[in-house]
Amino acid sequence: MYEDDARALVARAFRSAGVSAPGLAEDAAHALVLTQMMGITSHGIARVPSYVGRLAAGGMNPDARITVNAPAPALRLIDADAGLGAGVAMAALRVTMQAARETGLAGSFIRRATHLGALAPLLWLAAEAGFAAIITTNTAPMIAPPGGRAARVGNAPLGLAIPDVNGGHVILDMALSVAARSRVRDAANRDDPIPETWATDAQGRPTTDAKAAMGGLMQAIGGPKGAALAVSLDLLAAGLAGASMLSEIPDTHVDPAAQPGLGQMILLIDAASLIEPQDLSARIKDAAAIHAATPPVAGGPAPRLPGARAIAALHKARAEGIDIPPALLDELVRLAG
């Protein structure tokens with residue numbers, strides 16, 4: 001299936017679920033299909049059935065109306081009204097782009113938000129438009145704060161983008177756990193073991209049992225340093241947006257009717273205001289060459305800049321089509337009516 005057809009199918013599924021705000025279903029479809037094409041299948045169109053379930057349960061508001069306030073020329077405060085998260089994030093990105101074009105640097109802070117999926121498609125679109133970007137969102141707790149052994153901190157992802165006018169953008173989309181919780185969930189569903197560095201059981205002990213890990217904690221990258229970064233990102237996004245934070249956020253996997261009230265942040269820099277686009281492209285090309293010339297570990301692939309694999313996957317999917325598992329495709333067709 002090609003991109004336009006996939007986006008139309010996903011948008012129909014969301015409209016059939018009652019999403020009524022103009023363009024919101026289409027924006028969400030755009031984000032999720034881009035995610036799928038970038039090879040991030042755990043956060044791509046496989047999320048559509050769970051999002052439809054949350055729309056039906058009330059955890060996402062199908063009748064959401066997004067409101068935007070401008071408290072300062074370069075700041076936007078957005079109320080998501082618990083709307084479809086991937087679509088709200090795309091709308092917020094456009095609002096932030098418009099402000100950053102006028103001011104050189106702009107930030108949007110989003111309150112009452114829901115799960116937006118991967119950051120990578122937002123970063124890609126920002127870079128394609130010539131913006132450097134920093135994006136984050138808080139999440140339901142799954143990490144202990146430094147020195148603790150109970151989940152109080154979300155696995156706040158950190159997204160960074162540096163634009164390349166020739167398409168070789170640097171894109172980093174990383175969670176602050178050693179592995180994404182979705183990978184542990186997938187392993188638990190398959191009864192597969194996990195590396196003991198990924199998670200702990202309910203008693204805080206490292207475990208290779210994925211099912212035990214689902215009742216425990218995710219381990220933060222860098223130990224206490226990663227956990228402290230997660231706390232700081234949570235407070236930066238949610239604190240400034242006036243959103244729910246830390247253990248105030250419910251686990252919507254457990255209760256799909258709960259509205260999480262997330263806080264999200266999009267910061268954009270108009271890179272061309274600082275450096276000629278071709279000069280920045282040359283610097284990124286030099287950085288890529290330095291990486292490629294670095295001897296690989298144990299004969300593995302050459303080091304590469306963040307995002308190179310996802311961008312290659314995106315180009316391949318645009319040329320060859322998107323590989324959608326038959327069962328998922330059948331479910332999407334059913335949801336689309």
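Just so it is clear, the model here is predicted, and its values are computed rather than measured.

Asker: What's the story with the overall build of the protein in this structure? I'm lost.
Answerer: Looking only at helices and strands, the protein features 11 helices and 11 strands. The C-alpha atoms of the protein give 20 Å as radius of gyration, which agrees with the globular expectation for 337 residues (20 Å, within 12%). With respect to the three principal axes, the spread of C-alpha positions in the protein is 55 × 55 × 45 Å. Here the protein holds 337 residues, and the buried ones make up 47% of them.

Asker: Looking at this structure, I do not really get the nonpolar core. What am I missing?
Answerer: Generally speaking, soluble globular proteins have nonpolar side chains that are buried together. Within the largest apolar cluster, 67 residues are counted, with the highest numbers of intra-cluster contacts made by F14, I45, V48, L84, I110 and L268. What L268 contacts, discounting residues up to four positions off in sequence, is L93, T96, M97, A100, G104, L105, A106, A126, F131, A132 and A133.

Asker: Help me understand the sheet that holds strand β11 (residues 262-270) in this model?
Answerer: In a beta sheet, neighbouring strands are held together by backbone hydrogen bonds and run either parallel or antiparallel to one another. Read across the sheet, 7 strands follow the order β1-β2-β3-β11-β4-β7-β8 without closing on themselves; strand pairing throughout is mixed. Unpaired on one side and paired on the other, β1 (67-72) and β8 (170-174) mark the two borders of the sheet. When strand polarity is set aside, the average angle formed by the axes of neighbouring strands in this sheet is 10°. Across 7 bridges, the pairing between strand β3 (residues 105-113) and β11 is antiparallel. Each residue of the ladder has a partner; that of I110, found in β11, is Q264. On the sheet, helix α4 (residues 85-103) packs against β1, β2 (75-79), β3, β4 (131-137) and β11 and is oriented at approximately 155° with respect to β3.

Asker: Whenever I open this one, the layout of surface pockets confuses me. Can you help?
Answerer: A water-sized probe, rolled over the atoms, reveals where empty space remains. The space that makes up the largest pocket amounts to roughly 1400 Å³. The wall of the largest pocket is formed by 49 residues, among which I40, H43, D173, A175 and A180 lie closest to the centre. For the lining of the largest pocket, the elements supplying multiple residues, two or more each, are β5 (141-143), β8, α6 (181-190) and α10 (308-320). Considered class by class, the residues forming the lining of the largest pocket number 25 nonpolar, 15 polar and 9 charged.

Asker: Could you clarify how one ought to interpret helix α1 (residues 3-16) in this entry?
Answerer: In an α-helix, one turn spans 3.6 residues; hence positions three or four apart end up facing the same way. Given a rise of 1.5 Å per residue, 14 residues ought to cover 20 Å, and the 20 Å separating the end C-alpha atoms of α1 matches this to within 8%. Elements that come into contact with the buried residues of α1 comprise α2 (24-37), α3 (48-57), α10 and α11 (326-335). Following α1 by one or two positions, G18 adopts a phi angle in the positive range, close to 105°.

Asker: Looking at this structure, I do not really get the side chain of N138. What am I missing?
Answerer: Note on placement: N138 falls in the loop between β4 and β5. Owing to a relative accessible area of 1%, N138 belongs among the buried residues under this scheme. Of the polar contacts made by the side chain of N138, one reaches the backbone nitrogen of G263; its length is 2.9 Å. Those residues in contact with N138 that lie beyond four places of it in its chain are A156, D234, A238, S244, M245, I249, L262 and G263.

Asker: For this particular structure, what's the right way to read the side chain of T252?
Answerer: Assignment of secondary structure puts T252 in the loop between α8 (224-241) and β11. Reaching out from T252, the side chain makes a polar contact with the side chain of R54 at a distance of 3.3 Å.

Asker: How do you make sense of the environment of A241 when you look at a structure like this?
Answerer: Of note, A241 is situated in helix α8. For the pair A241 and M218, spaced 23 residues apart in sequence, the C-alpha to C-alpha distance is 26 Å. Sequence-distant contacts of A241, defined by excluding residues within four places in its chain, comprise L77, F109, I110 and R111.

Asker: Would you mind showing me how to read the environment of N155 here?
Answerer: Of note, N155 is situated in the loop between β6 (153-154) and β7 (158-162). Along the backbone, N155 and R181 are 26 residues apart, and their C-alpha atoms lie at a distance of 8.7 Å. Those residues in contact with N155, other than ones at most four positions away along the chain, are T139, A140, M142, I143, A175, L176 and S177. A polar contact of 2.9 Å, which involves the side chain of N155, links it to the backbone nitrogen of L176.

Asker: Honestly, the packing of α2 against α4 in this entry has me stumped. Any pointers?
Answerer: To characterise two packed helices, one gives the angle between the axes of the helices and the distance between these axes. Contact pair α2 / α4: the axes reach a minimum separation of 7 Å and the direction vectors enclose 95°. As judged from the angle between their axes, α2 and α4 are roughly perpendicular. The segment α2 lies against α4, with L24, D27, A28, H30, A31 and L32 engaging A86, G87, V88, M90, A91 and R94. Broken down by class, the residue content of the contact of α2 with α4 amounts to 8 nonpolar, 2 polar and 2 charged.

Asker: What exactly am I supposed to notice about helix α9 (residues 277-292) here?
Answerer: For α9, which comprises 16 residues, the first-to-last C-alpha distance of 22 Å matches the rise-based estimate of 22 Å (1.5 Å per residue) to within 8%. By the burial criterion, the buried members of α9 are L280, S281 and I284. Looking straight down α9, one finds its buried side chains confined to an arc of 100°; they lie on one side. Opposite the packed face of α9, turned more than 90 degrees from it, sit the exposed residues R283, K285 and I290. On the buried face of α9, the contacting elements are β7 and β8.

Conventions adopted
- Chains are numbered independently. Their residues run from 1 in the order of the written sequence.
- pLDDT decides what is reported in this predicted model: residues at 70 or higher carry local features, side-chain atom pairs at 80 or more are listed and counted, and totals for whole chains, interfaces and linings draw on all residues regardless.
- With hydrogens and water stripped out, all remaining heavy atoms of the structure feed into the side-chain values.
- Think of it this way: any DSSP run of H or I at least four residues long counts as a helix, any run of E at least two long counts as a strand, and we number them from the N terminus.
- Our radius of gyration is a C-alpha quantity, and the globule rule it is checked against amounts to 2.2 Å times the number of residues to the power 0.38.
- The classification of residues rests on relative accessible area computed with a 1.4 Å probe and restricted to protein chains. Under 20% of the type maximum is buried, over 50% is exposed, and intermediate values are partly exposed.
- To qualify as a nonpolar core, a set must consist of buried Ala, Val, Leu, Ile, Met, Phe, Trp, Tyr and Cys residues joined through side-chain atoms within 4.5 Å.
- It only takes one pair of heavy atoms within 4.5 Å for two residues to be counted as in contact.
- In this scheme, strands are said to pair when DSSP sees at least two bridges between them.
- The axes used here are C-alpha line fits, helices contributing only the stretch in contact, and every angle between their N-to-C directions lies in the interval 0 to 180 degrees.
- Cavity and pocket criteria rest on a 1 Å grid covering protein atoms alone: a 1.4 Å probe that fits but cannot get out defines a cavity, protein on both sides within 12 Å along at least 5 of 7 lines defines an open pocket, and an atom within 4 Å of a point defines a lining residue.
- Grid points are joined across faces, edges and corners, and a volume is the space filled by probe spheres set on the points.
- Polarity classes work like this: nonpolar for Ala, Val, Leu, Ile, Met, Phe, Trp, Tyr, Cys and Pro, charged for Asp, Glu, Lys and Arg, and polar for all others, with Gly in that last group.
- Take the number of residues in a helix, subtract one, and multiply by 1.5 Å to get its expected span.
- Polar contacts, as used here, are pairs of N or O atoms within 3.5 Å; protein pairs need one atom able to donate a hydrogen and one able to accept it. Residues neighboring in sequence count only if both atoms are side-chain atoms.
- An angle below 35 degrees is treated as roughly parallel, one above 145 as roughly antiparallel, one from 65 to 115 as roughly perpendicular, and anything else as oblique.
- The arc in question is the one spanned by the directions pointing from the helix axis to the C-beta atoms.

Keep in mind these numbers describe shape, not what the thing actually does.
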